[in-house]
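As a plain string of letters, each chain reads:
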Amino acid sequence: MADCVTKVQLTVSCESLMDKDVGSKSDPMCVLQQSLGEDQWTEMDRTERVKNCEKPEFAKKLLVDYFFERVQKLKLGIYDIDNKSTSLNDDDYLGGVECTLGQIVSSKTFTRPLELKKGKLAGKGRITIVAEEIHDKRTAAFQMEARKLENKDFMGKSDPFLEIFRQGDDGSWQLAYRSEVIKNNLNPNWKSFSVSLQSLCHGDVQKPVKVSCSDDDDNSSSDLIGEFVVEVQELLGAKEQVMEFDFINPEKKKKKSYKNSGILRVKSCKIETEYSFLDYVMGGCQINFTVGVDFTGSNGDPRSPDSLHYISPNGMNEYLSAIWSVGQVVQDYDTDKLFPAFGFGALVPPDGKVSHEFSLNFNPTNPYCQGVQGVIDAYRNALVNVKLYGPTNFSPIISHVSRFAAAAAQQPTATQYFVLLIITDGEITDLDQTRNAIVAASRLPMSIIIVGVGSADFKAMEFLDGDEGVLKSLTGEPVARDIVQFVPFQKFQNAPKEALAQTVLAEVPKQLVSYYKLRNLPPPNSPQSNK
């Protein structure tokens, strides 16, 4: 039987979390991981961080592909996040739960105690997970601002944020969206945002939602400024004109003189189609795969068994394994199977000068290799013809692929996307130039995968694989979207052979969709693209 896959969204909430912060409650985030076998896990998704809360309701839904015929082992971990780093190594673990996706979807409400490890409870902490199959691909896109909000702070002004709740079948209100906090502002203008129509109103625009505005407080629970209930259909009136709604505080509305606690202005609300990675690929979007290989001296002499470039008697090394694992998957999305492959950091014939962007096949006018096997053959040949040298510069090869991606970005269609695989031993010399190159590439149809081989310190790689807005260029310009995925190869030495590719490529579908959504480009050959 063919795989029968559907998209499932998981809504997560917790209660009675442990306090790990002095003077306040923890700042929890939920991280979803999937088993790769043999106690190997790969991260699939994570929620937002909820500040100062022992009973969080996470607004962001965790998305999973559900296969009926597979046992999909999941781990949901709760972490106390106190910094901007994406790494969880320096964050306190508040407990988690291991289960299968089948257990979750077969339960209307899946509730379990949190455990610090097998058999050791995380205090009285509990986690609740609700699964919902995604039938509706539509989203509601909003632009909202508020005016004349009531001030809740004695010193300064309120720090307002929005929450939108949908109505459950039992009449209760369930969190569907939470905005960012805007500091010290009674006339905030929030970032544009989208909520799936299924999360917002079960796909029925005649259903009501509750919109609330609260004042964020770093050291205690937030204070409600006001709220109102409205049908989604009425919000959609903002397609034609700005809609205004009074924020009402229930405790104050009994006063005769009370009018409102501020006004919400819905500047725009429209329904859009949320396209998937498969929509783009099946519509004709091509994935262009480029390989960059580190030939710097820190890898060691390829003739020595201690070298990362040493080819063992079974014909493999970590570089070859990474090329093969990732390439085998990506090549299925590229019709001509011609992959440009480059090396960097070596002395290259015939003049013996150092190059940070040389063709593995030594043909600068035609660096394309036929399929993954062609890349492997070119790599083996290059090993015996170049001299490992240095320094380790990433920016030239990132800029090289960016030039092609920039040309594709000029086209008014979603037909070309570029994936650059860099395999390196961890040393990096041009970190500042690489930051600039990544920030520039984040505005192009491009993703960068970095596989670290060996046992070096990979902190620089983890820094490059940062959250949106964290990594910045030298001039302070932030990345437009997260396009870098870093994976240390050694983590997968004892895992199933497909585990590396599954982890390395996990981010690419989301990164591709996020780019075309940013550009408002539908899949090729879709009704919208032909308008």
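In what follows, the structure referred to is the one given above.
Conventions and cut-offs
Residues numbered from 1 in each chain as written. Predicted model: local features only at pLDDT ≥ 70, side-chain atom pairs only at ≥ 80, totals over all residues. Heavy atoms only, no water. Helix = DSSP H or I, 4+ residues; strand = E, 2+ residues; numbered from the N terminus. Buried < 20%, exposed > 50% of the residue type's maximum accessible area, 1.4 Å probe, protein only. Contact = heavy atoms within 4.5 Å. Areas by Shrake-Rupley, 256 points an atom, 1.4 Å probe, with all protein chains shown as cover. Patch = residues over 30% accessible without salt bridge, like charges linked within 9 Å, V, L, I, M, F, W, Y side chains within 5 Å. Salt bridge = Lys/Arg side-chain N within 4 Å of Asp/Glu carboxyl O. Pairing = 2+ DSSP bridges. Axes fitted to C-alpha atoms, helices over the stretch in contact; angles between N-to-C directions. Core = buried A, V, L, I, M, F, W, Y, C linked by side-chain atoms within 4.5 Å. 1 Å grid on protein atoms, 1.4 Å probe; cavity = no way out; pocket = protein on both sides within 12 Å on 5 of 7 lines; lining within 4 Å. Points joined across faces, edges and corners; volume = space filled by probe spheres on them. Nonpolar A, V, L, I, M, F, W, Y, C, P; charged D, E, K, R; others polar. Expected span 1.5 Å × (residues − 1). Phe/Tyr/Trp six-rings, centres within 6.5 Å; stacked < 30°, edge-to-face > 60°. Lys NZ or Arg CZ within 6 Å of the ring centre and 35° of its normal.

S.K.: How should the overall build of the protein chain be read in this particular structure?
M.R.: Counting its secondary structure elements, the protein chain contains eleven helices and 26 strands. With the C-alpha coordinates aligned to their principal axes, the bounding extent of the protein chain is approximately 90 × 60 × 55 Å. Split into buried and exposed, the 531 residues of the protein chain put 51% on the buried side. Sequence separation of 24 or more characterises 70% of the internal contacts of the protein chain that already satisfy a separation of 6 or more. Split by element, the accessible area of the protein chain, about 25300 Å² in all, is 49% carbon and sulfur.

S.K.: Before we go on, may I ask you to explain a nonpolar patch on the surface in this structure?
M.R.: A cluster of nonpolar residues, L338, Y368 and F404, forms a patch on the protein surface that exposes about 270 Å² of accessible area. With respect to the element layout, F404 can be found in helix 7 (residues 395-409).

S.K.: It is not clear to me how the sheet that holds strand 16 (residues 263-273) should be interpreted in this structure. Could you clarify?
M.R.: Within a sheet, each strand pairs with its neighbour through backbone hydrogen bonds, oriented either parallel or antiparallel. Read across the sheet, four strands follow the order 12-9-16-15 without closing on themselves; strand pairing throughout is antiparallel. Two strands close off the open sheet at either side, each with one partner strand: strand 12 (193-196) and strand 15 (243-246). Ignoring strand direction, the axes of neighbouring strands in this sheet form an average angle of 35°. For strand 9 (residues 138-147) and strand 16, the ladder comprises ten bridges, and the chain directions are antiparallel.

S.K.: What am I meant to see in the nonpolar core here?
M.R.: Nonpolar side chains tend toward joint burial in soluble globular proteins. Core analysis: the biggest nonpolar cluster contains 86 residues, and F295 and I398 have the highest contact counts within it. Among all residues touching I398, those that are not within four sequence positions of it are L420, I422, T434, A437, I438, M446 and I448. A140, L186, W190 and V230 belong to the second largest nonpolar core, which has 33 residues in total.

S.K.: What exactly am I supposed to notice about the sheet that holds strand 11 (residues 173-178) here?
M.R.: The antiparallel open sheet is built from four strands, whose spatial order is 11-10-13-14. Either end of the sheet is taken by a strand with one partner, and the two such strands are strand 11 and strand 14 (223-231). The sheet shows a mean angle of 25° between the axes of neighbouring strands, taken without regard to direction. With seven bridges joining them, strand 10 (residues 160-167) and strand 13 (residues 208-215) adopt antiparallel strand pairing. The residue of strand 13 that forms the bridge with F165 is K210.

S.K.: Please clarify how the pairing of strand 12 should be interpreted in this entry.
M.R.: Within a regular beta strand, the side chains point alternately toward one face of the sheet and then the other, so they alternate between its two faces. Side-chain alternation along strand 12 places F193 and V195 on a buried face and S194 and S196 on a face that remains uncovered. As paired strands, strand 9 and strand 12 are joined by four bridges and run antiparallel to one another. Bridge assignment links T139 to a residue of strand 12, and that residue is S196.

S.K.: Teacher, can you tell me more about the layout of surface pockets here?
M.R.: Vacant regions in the atomic arrangement are exposed by a probe of water-molecule size rolled over the atoms. Volume-wise, the second largest pocket comes out at about 740 Å³. Around the second largest pocket, the lining comprises 27 residues; the ones closest to its centre are K108, T109, V130, R166 and Q174. Sorting the residues of the lining of the second largest pocket by element identifies strand 1 (5-15), helix 1 (101-105), strand 8 (120-133) and strand 11 as the ones contributing at least two each. Of the residues contributing to the lining of the second largest pocket, the split by class is nine nonpolar, eleven polar and seven charged.

S.K.: Can you walk me through the pattern of salt bridges in this structure?
M.R.: Where charged atoms of side chains with opposite charge meet at close range, the side chains can pair. Following the criterion strictly, the structure yields 23 salt bridges and no others. K7 is paired through a salt bridge with D65; the nearest N and O atoms lie 3.0 Å apart. Here D65 lies in strand 4 (residues 62-67) and K7 lies in strand 1, a separation of 58 residues in the sequence. By relative accessible area, which is 31% here, D65 ends up partly exposed.

S.K.: Looking at this model, I keep getting lost on the side chain of E318. Mind explaining?
M.R.: Locating E318 in the fold gives a position in helix 5 (residues 318-330). With residues up to four places along the chain from it excluded, the contact list for E318 reads L308, V453, G454, F489, Q490 and Q493.

S.K.: Where do I start with helix 7 in this structure?
M.R.: Residues that lie three or four places apart on an α-helix share one face, since the helix turns once every 3.6 residues. The end-to-end C-alpha distance of helix 7, which contains 15 residues, comes to 20 Å, matching closely the 21 Å that a straight helix rising 1.5 Å per residue would cover. The complete set of buried residues in helix 7 reads S395, I397, I398, H400, V401, S402, A405, A408 and A409. Contact partners of the buried residues in helix 7: strand 17 (286-294), strand 18 (338-344), strand 24 (416-424), helix 8 (431-441), strand 25 (446-452) and helix 11 (508-518).

S.K.: What should I look at first to understand helix 6 (residues 371-383) in this one?
M.R.: Helix length check: helix 6 (13 residues) gives 19 Å between terminal C-alpha atoms against 18 Å at 1.5 Å per residue, within 8%. Every buried residue of helix 6 is listed here: G371, V372, G374, V375, I376, A378, Y379, A382 and L383. Buried residues along helix 6 sit against strand 17, helix 5, strand 18 and strand 22 (368-370).

S.K.: Can you walk me through unusual backbone geometry in this structure?
M.R.: For residues that are not glycine, phi is negative in most cases, and the peptide bond is trans in most cases. P349 connects to P350 through a cis peptide bond whose omega is 10°. Residues G390 and P391 are joined by a peptide bond in cis, for which omega reads -5°. Within the secondary structure, P391 sits in the loop between strand 23 (387-388) and helix 7. Residues other than glycine seldom take positive phi values, yet N184 does so here, at roughly 50°. Mapped onto the fold, N184 is located in the loop between strand 11 and strand 12.

S.K.: In this structure, what is going on with the packing of aromatic side chains? I would like to understand it.
M.R.: A complete count under the given rule lists 15 aromatic pairs for this structure. Ring geometry for Y177 and F193: centres 3.9 Å apart, planes at 5°, overall stacked. Within this pair, whereas Y177 is found in strand 11, its partner F193 is found in strand 12, the two being separated by 16 residues in sequence. Here Y177 and F193 have matching classes, each one buried. Between Y515 and Y516, the aromatic rings sit 5.0 Å apart at their centres with planes inclined by 75°, giving edge-to-face as the arrangement. The exposure class of Y515 is buried, given its relative accessible area of 2%. A connected cluster of aromatic rings, assembled from ring pairs, spans Y275, Y280, Y417, Y515 and Y516. One Lys or Arg, K210, reaches over the ring of F165 and ends 5.2 Å from the middle of that ring.

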